[in-house]
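A closer look at the structure
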Amino acid sequence: MSNIRRQPSFRLYRSKRNRRTIPVLNTASLPDLIFTVLFFFMIVTHMRDDNMQVKYTLPKGDQLSSQQKRPDIVDIYVGKAIPQQGTAVAEGYLLQVNNEVVDISALGDILMRASQKAEASGMSSVRVNFCADRDVPMSMISEIKRVMRRCHALEVSYTAMPAKSK
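Summarised in this report is the structure supplied together with it. (Residues numbered from 1 in each chain as written. Predicted model: local features only at pLDDT ≥ 70, side-chain atom pairs only at ≥ 80, totals over all residues. Heavy atoms only, no water.)

1. Regarding the pattern of salt bridges
The line we're drawing: Here a salt bridge means any side-chain nitrogen of Lys or Arg lying within 4 Å of a carboxyl oxygen belonging to Asp or Glu. Starting at the N terminus, helices and strands are each numbered in turn, a helix being any DSSP run of H or I of at least four residues and a strand any DSSP run of E of at least two.
One pass over the full model with this rule turns up two salt bridges. When the shortest N-O distance is used, the salt bridge between Arg127 and Glu155 registers 3.2 Å. Of this pair, Arg127 sits in strand S6 (residues 127-132) while Glu155 sits in strand S7 (residues 155-158), placing them 28 residues apart in sequence. The salt bridge partner of Glu143 is Arg146, with a shortest N-O separation of 2.5 Å. You can see Glu143 and its partner Arg146 sitting in helix H3 (residues 138-150), three residues apart, about one turn around the helix.

Right, here's the structure in full:
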């Protein structure tokens, strides 16, 4: 056997002086970023209260003004039924008040309850927002307006799309 000199093995470690630590992630500005994103989505997102069960195409109008959505307003939608999965579509036009589809005969009871609530809260009368399809027969709209007059729902706003200006 020959006398072979072995070379010393090098250890694979570093001294404490050469060890590098991972820098700490600064999270001080993270709440500001989260609130900024939250406010962005709050402004951009439109929350819809009514579950639409009728579809309607709004008529066009020339002299329109925007109004604020208030909780004491009764929304009346008139249009064709939206086909739900697994259900048959009704023929003709349907009347939706807030979230429920009703007959014109039941509209009077709903408006009377709303007017009683309005009087209890100090309002003079109930306010109605009327959205009707542009192809609804005028006889149906006249009947709805007659019921609204009987229930003293005299503050009515009609929803329309702005006409394209030239």
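2. A few points about unusual backbone geometry
Heads up, the condition is: Only protein chains enter the accessibility calculation, which uses a 1.4 Å probe; a residue is then buried when its area is under 20% of its type maximum, exposed when over 50%, and partly exposed in between.
In this structure, His152 takes a positive phi of about 60° despite not being glycine. Here His152 lies in the loop between H3 and S7. Judged by relative accessible area, which is 54%, His152 ranks as exposed.

3. Regarding the pairing of strand S3 (residues 73-81)
To keep things clear, this is the line we draw: At least two bridges found by DSSP between two strands are what make those strands a pair.
Of all nine residues in S3, eight are buried; the element is thus mostly enclosed. Inspection of the sheet shows strand S1 (residues 54-55) paired to S3 by two bridges, in the antiparallel sense. The residue bridging Lys55 from the neighbouring strand is Lys80, located in S3. In this structure, S3 lies alongside S6, joined through six bridges in parallel fashion. Considered in S6, the bridge of Ile76 is made with Phe130.

4. Overview of the nonpolar core
Selection criterion: Residues grouped as a nonpolar core are buried Ala, Val, Leu, Ile, Met, Phe, Trp, Tyr and Cys residues, joined through side-chain atoms within 4.5 Å. By definition, residues are in contact when any of their heavy atoms lie within 4.5 Å.
Counting 22 residues, the largest nonpolar core has Ile76 and Val78 as the members making the most contacts within it. Where this core is concerned, the elements lending two or more residues are S3, strand S4 (93-97), helix H2 (104-120), S6 and H3. With five residues, the top contributor of residues to this core is H3. In contact with Ile76, other than residues within four places in its own chain, are Leu95, Gln96, Val97, Leu107, Val128, Asn129, Phe130, Cys131 and Met148. In this structure, Leu58, Tyr77, Ala81 and Cys131 belong to the second largest nonpolar core, which totals six residues.

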